[in-house]
Amino acid sequence: MTETTETSVAPWHPSQPHHALAEDVRWWLGTPAAFALFGRLALDQVAYREVAAAVDASGRFAQNFTDRGIRSGLWGPLLLFGDDADRRASAERLKRLHGEVRGTGRGHFAGERYSALNPALWKWVGTTSLLVFYTGYVTTYGRALDPEQREVVYATILHLVDFDLPSEQARIPATAVEAEAYYDAVAATELADNEFLQWAHRRFDALPMPTLFGPHWLHRLMTPAWRLATPVLGRPAKVCAEGAAHPRMRELLGTPDTRRRRAELRLYLALVRLARRALPRRLLLDPLAYNRYRYERLRALYEKPQLSSFAARG
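Residues numbered from 1 in each chain as written. Predicted model: local features only at pLDDT ≥ 70, side-chain atom pairs only at ≥ 80, totals over all residues. Heavy atoms only, no water.

Q: Quick question: what am I supposed to make of the environment of His13 here?
A: Relative to the elements of secondary structure, His13 occurs in the loop between helix H1 (3-7) and helix H2 (19-29). For the pair His13 and Glu23, spaced 10 residues apart in sequence, the C-alpha separation works out to 8.1 Å. A polar contact of 2.8 Å, which involves the side chain of His13, links it to the side chain of Ser15. (Helix = DSSP H or I, 4+ residues; strand = E, 2+ residues; numbered from the N terminus. Polar contact = N/O pair within 3.5 Å; in protein donor to acceptor, adjacent residues only side chain to side chain.)

Quick look at the structure:
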């Protein structure tokens, strides 16, 4: 974690301007639906050939694409809403595990050398991971946000996502404007079509039955219903992520842009906003995020009657 993040005041602290917006952004990161609806944006990571070579060589996506996505989703709450010691431990474990990802590509990526700790790759993966949540929030609420507020959204997420490598070349951009300029530059120079990108794009439309939880017999029993349900249940995620994608990614993936598609996107976004207003936190938040939410509310109750000074009254 960066020293700046550890010592700075959180953007959602009541002393900070736009703290209510920052608070809302913080719990957006704790909402599984945010990752589910916009996680497909992370396809931009494997439009970078060296990243595609690495994940293709690992074989974990091919083994069970859905399980790999669930594991990625479960990392978020550990890194964002655990206590400080657990967050640091999770961040260090993530770096250690990525340190093992190095080698030479195979098949379509034969001869392509890769290392997850290459500062350029770490910066790209880290920045695009942050932008999944930033882009999702701005896409959902963008009409009500001015440029200053968009920077608050970005700064809030950056405050939470604080596990850079000790290298300036790997450092995630400090502002939304810088992040967008960085993305545009990478999109123009590095992002290109490749076999893994197209394979992953297709797999999102035919996700395999997850197998991380429950016995094997139950997976087999549920597979027919899963295959029927996933095209319908996955439609909002497809439309939201593709509608929010960078123009270069829309070009690479052949994303349609029709009046009907835009209307469908507006409908899903309106439903997201309604759900976040109407539903209780316990239904919206990941259990670890909800645990943090409850803890902070209880802490505030204990702090409220406390004195602001022990000095003798004059």
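Q: In this structure, what is going on with the side chain of Glu50? I would like to understand it.
A: In this fold, Glu50 is placed in helix H4 (residues 49-58). If we skip the residues at most four places from it in the chain, Glu50 touches Glu112, Arg113, Tyr114, Ser115, Asn118 and Leu121. (Contact = heavy atoms within 4.5 Å.)

Q: Is there a simple way to think about the packing of helix H6 (residues 65-81) against helix H7 (residues 84-99) in this case?
A: In contact at an axis separation of 7 Å, H6 and H7 are set at 135° when each is read in the N-to-C sense. Of the possible angle classes, the one that applies to H6 and H7 is oblique. The handedness of the crossing between H6 and H7 is left-handed. Listed contacts from H7 to Trp75, Leu78, Leu79 and Leu80 of H6 are Arg87, Ser90, Ala91, Arg93, Leu94 and Leu97. (Axes fitted to C-alpha atoms, helices over the stretch in contact; angles between N-to-C directions. Parallel < 35°, antiparallel > 145°, perpendicular 65-115°, else oblique. Left-handed = near helix turned anticlockwise from the far one by under 90°.)

Q: Looking at this structure, I do not really get the nonpolar core. What am I missing?
A: The tendency in soluble globular proteins is for nonpolar side chains to be buried side by side. Residues Leu191 and Met249 are the most contacted members of the largest nonpolar core, which totals 70 residues. Of the residues forming this core, the biggest block, 10 residues, is contributed by helix H8 (residues 119-141). Apart from the residues within four sequence positions on either side, Leu191 is in contact with Asp44, Ala47, Tyr48, Trp124, Tyr183, Val186, Arg248, Met249 and Leu252. (Core = buried A, V, L, I, M, F, W, Y, C linked by side-chain atoms within 4.5 Å. Buried < 20%, exposed > 50% of the residue type's maximum accessible area, 1.4 Å probe, protein only.)

Q: What should I look at first to understand the environment of Met222 in this one?
A: Tracing the chain through its elements places Met222 in helix H12 (residues 216-233). Note: C-alpha distance between Met222 and Met209 (13 residues apart in sequence) is 8.0 Å.

Q: Hey, could you run me through the packing of aromatic side chains in this one?
A: Each aromatic ring pair is described using two quantities: the centre-to-centre distance and the angle formed by the ring planes. For the structure shown, the criterion picks out 15 aromatic pairs. Relative to Phe81, the ring of Trp27 lies with its centre 5.6 Å away and its plane at 10°, an arrangement referred to as stacked. With Trp27 in helix H2 and Phe81 in helix H6, the pair connects residues that are 54 residues apart, well separated along the chain. Judged by centre distance (5.4 Å) and plane angle (85°), the ring pair of Trp27 and Tyr293 falls under edge-to-face. With a gap of 266 residues between them, Trp27 in helix H2 and Tyr293 in helix H17 (residues 287-303) connect regions that are remote in the sequence. Under the relative-accessibility criterion, Tyr293 is labelled buried at 17%. Ring pairing ties together the aromatic residues Trp27, Phe81, Tyr290 and Tyr293, which thus form one cluster. (Phe/Tyr/Trp six-rings, centres within 6.5 Å; stacked < 30°, edge-to-face > 60°.)

Q: Just checking my understanding: could you explain the side chain of Asn194 for this structure?
A: Among the structural elements, Asn194 can be located in the loop between helix H10 (176-189) and helix H11 (195-203). Note on Asn194: relative accessible area 7%, which makes it buried. Here the side chain of Asn194 touches Leu197 through a polar contact of 2.7 Å, landing on its backbone nitrogen. Not counting residues within four places of it along the chain, the set of residues in contact with Asn194 comprises Val46, Ala47, Arg49, Ala52 and Phe109.

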